[in-house]
Amino acid sequence: MDKRLLELIYMDYIKNIESPIEINTESRLDIETKKRILNKFKTPVELKKAEKIIKEGNIYLFFKGHIPIYYLILDRINDLYEVLKVSNYYELANQNDMITKVNDEIFAVETWNNFYLTEEEIKESIFIGKIPEEDYKILKDFIEGRIKNLPEDKRGLTVPLDENFYQIKFHQKESEIVREYKLRVFEEEENVIQIPPEREKEILISFVAGREKTVLNCDKFLLKKLPEENLIQMIFSPQLQNKKAVITVFGEEYQFLSLPEVIYIEGCDVEKTDLEKLCSAIEVKVELD
């Protein structure tokens with residue numbers, strides 16, 4: 001696609017999500033207000049009531065202030081549903097976004113951009129439709145690692161992880177939009193560690209080659225970068241999970257009565273973080289049986 005055209009599409013996307021409409025966000029939006037908001041966007045859709053039965057592969061729409069947020073049901077985790085962000089700005093998709101069509105509308109399913117909603121939030125959303133069974137199978141196979149890449153006719157353009165590309169700018173914005181929903185399942189379990197702002201400079205990469213390391217094995221855990229979400233995963237082996245533990249990061253202690261499989265580290269620029277330096281700043285003490 002022509003770079004200038006891609007730039008115009010991205011500018012249209014930014015304009016729409018950053019140009020609020022004056023509405024009372026404390027109350028539920030009526031249908032006319034929703035239509036008025038949707039008409040500002042590139043691809044208006046027909047508004048339908050949400051289905052009573054929440055099914056995997058269903059796509060819904062809800063509003064965060066003036067911003068329409070499309071999402072796809074992926075799975076249920078305890079009292080929450082894991083969903084994937086969906087966008088009608090499919091031209092801005094990259095190789096990790098699956099292109100699908102629902103009711104003659106084209107959408108990009110952001111396979112990397114998961115977040116969590118309650119059953120009530122979903123039932124208050126607008127039902128858009130269900131993606132084709134074949135597409136949902138491809139989506140699950142890709143997410144669960146049974147296939148390495150999405151089919152060429154089912155994905156966006158292949159681009160490097162570089163902020164100079166509009167697809168990466170788009171991804172960063174899409175992740176930011178749902179950030180409050182993204183971490184709620186981990187926040188409830190206190191599974192998020194925040195790097196103190198004044199300590200971030202101590203874990204910055206000091207040479208270009210360090211950027212290549214996105215996974216690092218430490219003594220008791222694995223560090224893995226999630227660049228598009230600007231998070232780092234701290235992954236523990238099954239032998240350590242569910243044990244009582246104390247994790248110290250830059251002198252700050254985090255106590256866990258039951259160590260989870262994954263802890264998320266935020267508060268740093270993931271692309272510029274040296275995992276070896278971060279590993280050195282972390283101490284894990286686990287009480288074994």
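Residues numbered from 1 in each chain as written. Predicted model: local features only at pLDDT ≥ 70, side-chain atom pairs only at ≥ 80, totals over all residues. Heavy atoms only, no water.

Chemist: Got a sec to walk through the state of the cysteines? Specific residues and values, please.
Modeler: Within the structure shown, the criterion is met by 1 disulfide. Linked covalently through their sulfurs, cysteine 218 and cysteine 279 form a disulfide whose S-S length is 2.3 Å. Linking cysteine 218 in the loop between strand S8 (215–217) and strand S9 (222–226) with cysteine 279 in helix H8 (residues 275–280), this pair joins segments that are 61 residues apart in sequence. Of the two residues, cysteine 218 and cysteine 279, neither departs from the other in class, the shared state being buried. (Disulfide = S-S within 2.5 Å. Helix = DSSP H or I, 4+ residues; strand = E, 2+ residues; numbered from the N terminus. Buried < 20%, exposed > 50% of the residue type's maximum accessible area, 1.4 Å probe, protein only.)

Chemist: Can you tell me about the sheet that holds S9, naming the residues and giving the values?
Modeler: Pairing in this open sheet of 5 strands is mixed, and the strands run S7-S13-S10-S9-S8 from one edge to the other. Each edge of the open sheet is held by one strand with a lone partner, namely strand S7 (192–194) and S8. Geometrically, the sheet is characterised by an average inter-axis angle of 20° between neighbouring strands, direction not taken into account. Taken together, the 5 bridges between S9 and strand S10 (residues 231–235) define a ladder with antiparallel strand orientation. In the strand pairing of S10, leucine 226 is matched with leucine 231. (Pairing = 2+ DSSP bridges. Axes fitted to C-alpha atoms, helices over the stretch in contact; angles between N-to-C directions.)

Chemist: Please provide a residue-by-residue account of helix H4 (residues 133–143), values included.
Modeler: Given 3.6 residues per helical turn, the α-helix brings residues three or four places apart onto the same face. Turning to H4, its buried residues number three or more, namely Asp135, Tyr136, Ile138, Leu139, Lys140, Asp141 and Phe142. Its buried side turned inward, H4 meets strand S2 (67–77), strand S3 (80–87), strand S4 (97–102) and strand S5 (105–118). After H4 finishes, the residue glycine 145 shows a positive phi value of roughly 80°. (Contact = heavy atoms within 4.5 Å.)

Chemist: Hey, could you go over the nonpolar core for me, with residue numbers and the actual values?
Modeler: Residues Leu223, Met234, Ile247 and Ile282 are the most contacted members of the largest nonpolar core, which totals 29 residues. At the level of secondary structure, the elements contributing two or more residues to this core comprise S10, strand S11 (244–249), strand S12 (252–256), strand S13 (262–266), H8 and strand S14 (282–287). Among the nonpolar cores identified, the runner-up in size contains 26 residues, and Ile17, Tyr60, Tyr81 and Tyr181 belong to it. (Core = buried A, V, L, I, M, F, W, Y, C linked by side-chain atoms within 4.5 Å.)

Chemist: I'd love a proper account of the pairing of S12, names of residues and values included.
Modeler: Bridging between S11 and S12 involves 5 bridges; their strand directions are antiparallel. Bridge pairing in S12 places alanine 245 opposite phenylalanine 256.

Chemist: Provide a residue-level description of helix H5 (residues 166–177), including the pertinent values.
Modeler: In this model H5 runs 16 Å from its N-terminal to its C-terminal C-alpha over 12 residues, within 8% of the 16 Å that 1.5 Å per residue would give. Buried residues dominate H5, accounting for 9 of its 12 residues. Residues of H5 that are buried include every one of Tyr166, Gln167, Ile168, Phe170, His171, Lys173, Glu174, Ser175 and Ile177, and no others. (Expected span 1.5 Å × (residues − 1).)

Chemist: Residue-level account of unusual backbone geometry, with values.
Modeler: Its identity as a non-glycine residue notwithstanding, asparagine 103 has a phi of 50°, on the positive side. Mapped onto the elements of the fold, asparagine 103 is located in the loop between S4 and S5. Classification of asparagine 103 by relative accessible area gives partly exposed; the value is 49%. For phenylalanine 250, which is not glycine, the phi torsion reads 50° and is therefore positive. Mapping phenylalanine 250 onto the fold places it in the loop between S11 and S12.

Chemist: Tell me what's going on with the side chain of lysine 173, and back it up with residues and numbers.
Modeler: Locating lysine 173 in the fold gives a position in helix H5. Not counting residues up to four positions away in its chain, the partners in contact with lysine 173 are Tyr13, Ile14, Ile17 and Glu18.

Chemist: Go over the packing of helix H1 (residues 3–18) against H5, please, and point to the residues and values.
Modeler: Direction vectors running N to C along H1 and H5 enclose 15°, while the axes themselves pass 10 Å from each other. Relative to H5, the element H1 is oriented roughly parallel. Between H1 and H5 the crossing geometry is left-handed. Contacts from Lys3, Leu6, Glu7, Tyr10, Tyr13, Ile14, Ile17 and Glu18 of H1 reach H5 at Tyr166, Gln167, Lys169, Phe170, Lys173, Glu174 and Ile177. (Parallel < 35°, antiparallel > 145°, perpendicular 65-115°, else oblique. Left-handed = near helix turned anticlockwise from the far one by under 90°.)

Chemist: Can you break down the sheet that holds S2 residue by residue, with the values?
Modeler: Pairing is antiparallel across the open sheet formed by 6 strands, whose spatial order is S4-S5-S3-S2-S1-S6. Strands with a single pairing partner mark the edges of an open sheet, and in this sheet they are S4 and strand S6 (126–130). The average undirected angle you get between the axes of adjacent strands in this sheet is 45°. Looking at chain direction, strand S1 (residues 58–64) and S2 are connected through 6 bridges and run antiparallel. If you follow phenylalanine 62 over to S2, its bridge partner there is isoleucine 69.

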